[in-house]
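Understanding the architecture of this molecule
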Amino acid sequence: MTDHYPQDITATRADDGTLSLAVTDRWNTPLGKPNGGWVLASMLRTAMDTTDVGRPVVASITYFASPEPGTTATLTVTPVKMGRRVQTVEVDLAHGDKPLARMTASFAADHHGLTQELGTPPQLPSPDGLPDPRDLGLPTDGLFGRVEFRMPVTPGWADGKPSGDPTAELWQRLDGGTAIDWPAVALLTDTSPPPVLELGRLVSMTVQLTVHFHRLPEPGTWVASRFTTRHIADGFHEEDGELWDEQGRLVAQSRQLAILL
């Protein structure tokens, strides 16, 4: 399969300085709209390509509307504070006069401090012995053609029998083992089917997503992922996520607010 990452998240600059992003359907969800993780990855990539920053430590994005596949969106990058230890940048995504998303991200350059693991990674069997869900009927186009999943058990919602436990643990990687960079870490916090589906809620859309970045996994390896929902209020729910590398080291944490439609 053709490797469309990272070109699908890379903006182009016109002679007048305008930054544009081609909105492709290659990262569409089953709802027919581009995945929110792809949107965040694209905006983070743009911030890193156009400003003098280090590696991301946190990125927060608020979604206003979904980009339409086949269109071209514009990006506006605004440095907020380029400090000695932390550099903060805002990126706006729009189509014409219509705002689509706003991201605020902070980066650190040449900063090294204490590292200590206090959590526990998902206890998953080796991904090499698990089936590819695409061989079992998962769609092979859009997002599911760009990201590989390995699950120790078939989710209850996939069999029409939601378990009632909105928790998911699985392996993820870019298709074919493409190396995961910082924008791809952001992408993988929002690519898994939401665990709230185990409550029978079949349509969930992200309103806001925050990612804390810790490290990059080794190239070509899998990422152990855990996602959990604990609360639903007035049709909104949170989703907490953790990404771990194969060595049991934390890659990223995420929290999103989503709406049930």
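Residues numbered from 1 in each chain as written. Predicted model: local features only at pLDDT ≥ 70, side-chain atom pairs only at ≥ 80, totals over all residues. Heavy atoms only, no water.

- Looking at an unreviewed UniProt entry, one finds the protein chain named Thioesterase family protein, with Aeromicrobium duanguangcaii as its source organism.

1. What about the overall build of the protein chain?
- Assigned secondary structure in the protein chain consists of two helices and 13 strands.
- Taking 18 Å as the expected radius of gyration for a compact globule of 261 residues, we find that the protein chain reaches 18 Å, a close match to that expectation.
- Principal-axis analysis of the C-alpha atoms places the extent of the protein chain at approximately 55 × 45 × 40 Å.
- Put simply, the protein chain has 261 residues, and 48% of those count as buried.
- Within the protein chain, counting contacts between residues at least 6 apart in sequence, those at least 24 apart form 67% of the total.
- Counting only carbon and sulfur atoms, one obtains 50% of the accessible surface of the protein chain, whose full area is about 12,600 Å².
- Seen as two clouds, the 21 positive and the 33 negative side-chain charges of the protein chain have centres 4 Å apart. (Helix = DSSP H or I, 4+ residues; strand = E, 2+ residues; numbered from the N terminus. Rg over C-alpha atoms; globule rule 2.2 N^0.38 Å. Buried < 20%, exposed > 50% of the residue type's maximum accessible area, 1.4 Å probe, protein only. Contact = heavy atoms within 4.5 Å. Areas by Shrake-Rupley, 256 points an atom, 1.4 Å probe, with all protein chains shown as cover. Lys, Arg positive; Asp, Glu negative; His and termini not counted. Charge placed at Lys NZ, Arg CZ, Asp CG, Glu CD.)

2. Description of the UniProt feature "domain: Acyl-CoA thioesterase-like N-terminal HotDog" (unreviewed entry) in the protein chain
- Here the UniProt-annotated "domain: Acyl-CoA thioesterase-like N-terminal HotDog" (unreviewed entry) positions come out as residues 25–108.
- Its end C-alpha atoms 33 Å apart, residues 25–108 is made of 18% helix and 49% strand. (UniProt positions renumbered as here; feature names shortened; annotations may be inferred.)

3. A look at the pattern of salt bridges
- In this structure the tally under the stated criterion is 16 salt bridges.
- Measuring nitrogen to oxygen at the nearest pair gives 3.0 Å for the salt bridge that ties Glu169 to Arg226. Taken together, the residues Glu169 in strand 8 (residues 167–174) and Arg226 in strand 10 (residues 223–228) connect sequence positions 57 residues apart.
- With a shortest N-O distance of 2.7 Å, Glu242 and Arg226 are connected by a salt bridge. Separated by 16 residues along the polypeptide, Glu242 in strand 12 (residues 236–244) and Arg226 in strand 10 bring together distant segments of the chain. (Salt bridge = Lys/Arg side-chain N within 4 Å of Asp/Glu carboxyl O.)

4. Some points on unusual backbone geometry
- The residue after Tyr5, namely Pro6, is reached through a cis peptide bond having omega 15°.
- Within the secondary structure, Pro6 is located in the segment before strand 1 (12–13).
- Although it is not a glycine, Asp234 adopts a positive phi angle of roughly 55°.
- On the accessibility criterion, Asp234 (80% relative accessible area) is exposed.

5. Examining the UniProt feature "domain: Acyl-CoA thioesterase-like C-terminal" (unreviewed entry) in the protein chain
- As annotated in UniProt, the feature "domain: Acyl-CoA thioesterase-like C-terminal" (unreviewed entry) corresponds to residues 130–259 in the numbering used here.
- Taken end to end, residues 130–259 has its terminal C-alpha atoms 32 Å apart, with 5% of it in helix and 38% in strand.

6. Considerations on the nonpolar core
- Counting 51 residues, the largest nonpolar core has Leu40, Met43, Leu44, Ile61, Leu93 and Met103 as its most contacted members.
- With residues up to four places along the chain from it excluded, the contact list for Met43 reads Ile61, Leu75, Val91, Asp92, Leu93, Ala101, Arg102 and Met103.
- By size, the runner-up hydrophobic cluster in this structure holds seven residues, among which are Trp171, Trp222, Ala224 and Trp244. (Core = buried A, V, L, I, M, F, W, Y, C linked by side-chain atoms within 4.5 Å.)

7. Examining the pairing of strand 2 (residues 19–22)
- Residues Leu19 and Leu21 point to one face of strand 2 and are all buried, whereas Ser20 and Ala22, pointing to the other face, are not buried.
- Relative to strand 2, strand 1 runs antiparallel, the two sharing two bridges. Of the residues in strand 2, the one forming a bridge with Thr12 is Ser20.
- Two successive antiparallel strands, strand 1 and strand 2, enclose a turn made up of five residues, where Gly17 displays a positive phi of approximately 95°.
- Of the pairings in the sheet, the one linking strand 2 to strand 4 (residues 72–82) comprises four bridges and is antiparallel in character. The residue of strand 4 that forms the bridge with Ala22 is Thr72. (Pairing = 2+ DSSP bridges.)

8. With respect to the layout of surface pockets
- Empty space within the largest pocket amounts to approximately 720 Å³.
- Lining the largest pocket are 34 residues, and of these Thr29, Leu31, Pro194, Ser204 and Met205 lie nearest its centre.
- Of all elements in the fold, only helix 1 (36–50), strand 6 (98–108) and strand 9 (204–213) reach the threshold of two or more residues within the lining of the largest pocket.
- Per-element tally for the lining of the largest pocket: the top contributor is strand 9, with four residues. (1 Å grid on protein atoms, 1.4 Å probe; cavity = no way out; pocket = protein on both sides within 12 Å on 5 of 7 lines; lining within 4 Å. Points joined across faces, edges and corners; volume = space filled by probe spheres on them.)

9. Overview of the environment of Thr18
- Checked against the element boundaries, Thr18 lands in the loop between strand 1 and strand 2.
- Taking the C-alpha atoms as reference, Thr18 lies 8.0 Å from Thr76; in sequence the two are 58 residues apart.
- Ignoring anything within four residues of it in the chain, the contact list for Thr18 reads Thr12, Arg13 and Thr74.

10. Comments concerning the packing of aromatic side chains
- Per the stated rule, a full pass over the model turns up three aromatic pairs.
- Between Trp182 and Phe213, the aromatic rings sit 6.1 Å apart at their centres with planes inclined by 85°, giving edge-to-face as the arrangement. With a gap of 31 residues between them, Trp182 in helix 2 (residues 182–188) and Phe213 in strand 9 connect regions that are remote in the sequence. Judged on exposure class, the residue Trp182 and its partner Phe213 are both buried. (Phe/Tyr/Trp six-rings, centres within 6.5 Å; stacked < 30°, edge-to-face > 60°.)

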